[in-house]
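What the coordinates show
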Amino acid sequence: AQELSDRAVSTINIRTIFRLPPTEIIRTANDAKEVMKKWWDSYFAVRKKIEDNDRDSRWEFDKKRLFDRTSYVSMRLSDIIEAAQTLLDFRSILGPELKAVSGDNARISEIEDCVQAQLLAPIESVPFDMFDRRFQSSWDSIMAKMKLDVVEIEGMIKTFIDSSFKKLRSAEKAFQVL
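With that settled, consider the overall build of the chain. A tally of helices and strands in the chain yields seven helices and zero strands. Of the regular secondary structure in the chain, the N- to C-terminal order runs α-α-α-α-α-α-α. Relative to the 2.2 N^0.38 estimate, which gives 16 Å for 178 residues, the radius of gyration of the chain is 22 Å and therefore markedly larger than a compact globule would have. With respect to the principal axes defined by its C-alpha atoms, the chain has extents near 80 × 35 × 25 Å. Taking all 178 residues of the chain together, the buried fraction comes to 37%. Considering only contacts in the chain between residues 6 or more positions apart, those separated by 24 or more positions represent 73%. Just so you have it, the chain exposes about 10900 Å², and 54% of that area is on carbon and sulfur atoms. Here the chain contributes 29 positively and 30 negatively charged side chains, and the mean placements of these two sets differ by 1 Å.

Printed below as a string of structure tokens:
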């Protein structure tokens, strides 16, 4: 369990992973989570097979020792997937289509900078090991702040799109923004 966890953690460098495309981050984190799930499934499959052989003794080990770290790592990988999905969503909203239709590249770049500064910078600069359960409350605080920041950035985007609608001169452009 420790080796599996360490291997999964070694594939995720929180300081650099968000420099990759969001789809690659999601794929990498999902692959690592799948390893954790297969460990769980394998243990219980072997246990069932042994118990089904009508042996007198049960094949039982301390589940906390076997699965505590892998479960915790899996939860943190889910957080990384959530952050990457959020980044992917924002990038698709603030993409070239919106830039072309709105013509306000400066404001879109400003919102993109907010995404980087408010969402990614706090995650990338954590002063602790996010995969260490001792720092769970600190990590949970970062994720809670990220969720609040997502709502704030969504508000900025809505305001920007609303103001873009008001500035457009044709129904065709308005439809493109929509």
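It is worth spelling out the packing of helix H5 (residues 105-124) against helix H6 (residues 136-167) at this point. Orientation of H5 relative to H6, taken along the N-to-C sense of each, is 170°, at an axis distance of 9 Å. With respect to each other, H5 and H6 are oriented roughly antiparallel. Contacts from Arg107, Ile108, Ile111, Cys114, Val115, Gln118, Leu119, Pro122 and Ile123 in H5 reach Trp139, Ile142, Met146, Asp149, Val150, Glu152, Ile153, Met156, Ile157 and Phe160 in H6. Tallied by class, residues from the contact of H5 with H6 come to 15 nonpolar, one polar and three charged.

Should the charged atoms of two oppositely charged side chains come close, the side chains can pair. Taken as a whole, this structure holds 13 salt bridges when the rule is applied. The partner of aspartate 41 in a salt bridge is lysine 37, and the shortest N-O contact between them spans 2.7 Å. Here aspartate 41 and its partner lysine 37 are both found in helix H2 (residues 22-52), four residues apart, which amounts to about one turn of the helix. On the basis of relative accessibility, which here comes to 36%, the residue aspartate 41 falls in the partly exposed class. Residue class for lysine 37 comes out partly exposed when judged on its relative accessible area of 45%. We note a salt bridge from aspartate 68 to arginine 133, for which the minimum N-O separation is 3.0 Å. With aspartate 68 in helix H3 (residues 63-93) and arginine 133 in the loop between H5 and H6, this residue pair connects regions lying 65 residues apart in the sequence. Given a relative accessible area of 27%, aspartate 68 falls into the partly exposed group.

Now for H5. Along H5, the largest kink reaches about 25° and is centred on alanine 117. Those residues of H5 that fall on the buried side of the exposure criterion are Ile108, Ile111, Val115, Gln118, Leu119, Leu120, Ile123 and Glu124. As for H5, its buried residues are in contact with H3, helix H4 (96-102) and H6.

Definitions and cut-offs
Numbers given to residues run from 1 along each chain, matching the order in which its sequence is written. This being a predicted model, a pLDDT of at least 70 is required before a residue's local features are given, and a value of 80 or more before pairs of side-chain atoms are given or counted; all residues contribute to the totals for chains, interfaces and linings. To obtain the side-chain values, all non-hydrogen atoms of the structure were used and water was disregarded. A run of H or I in DSSP counts as a helix once it spans at least four residues, and a run of E counts as a strand once it spans at least two, with each numbered from the N terminus. Each radius of gyration is computed over the set of C-alpha atoms, and the globule rule expresses the reference value as 2.2 Å times the number of residues to the power 0.38. Any residue under 20% of the maximum accessible area for its type is buried, any over 50% is exposed, and the rest in between are partly exposed; the area is computed with a 1.4 Å probe on protein chains only. Contacts between residues were defined by any pair of non-hydrogen atoms, one from each residue, lying within 4.5 Å. We get accessible surface area from the Shrake-Rupley algorithm with a probe of 1.4 Å; when it comes to residues, only the shown protein chains can shield them. Note that His is not counted, nor are the chain ends; the positive residues are Lys and Arg, and the negative ones are Asp and Glu. Note on charges: their place is set at NZ of Lys, CZ of Arg, CG of Asp or CD of Glu. Fitted lines through C-alpha atoms give the axes, limited to the stretch in contact for helices. The angle between two N-to-C directions lies from 0 to 180 degrees. Should an angle fall under 35 degrees it is called roughly parallel, over 145 degrees roughly antiparallel, and 65 to 115 degrees roughly perpendicular, with every other angle called oblique. Polar here means any residue outside two lists: the nonpolar Ala, Val, Leu, Ile, Met, Phe, Trp, Tyr, Cys and Pro, and the charged Asp, Glu, Lys and Arg; Gly therefore counts as polar. We define a salt bridge as a side-chain nitrogen of Lys or Arg found within 4 Å of a carboxyl oxygen belonging to Asp or Glu. What we call the bend at a residue is the angle made by axes fitted to the seven residues finishing there and the seven residues starting there.

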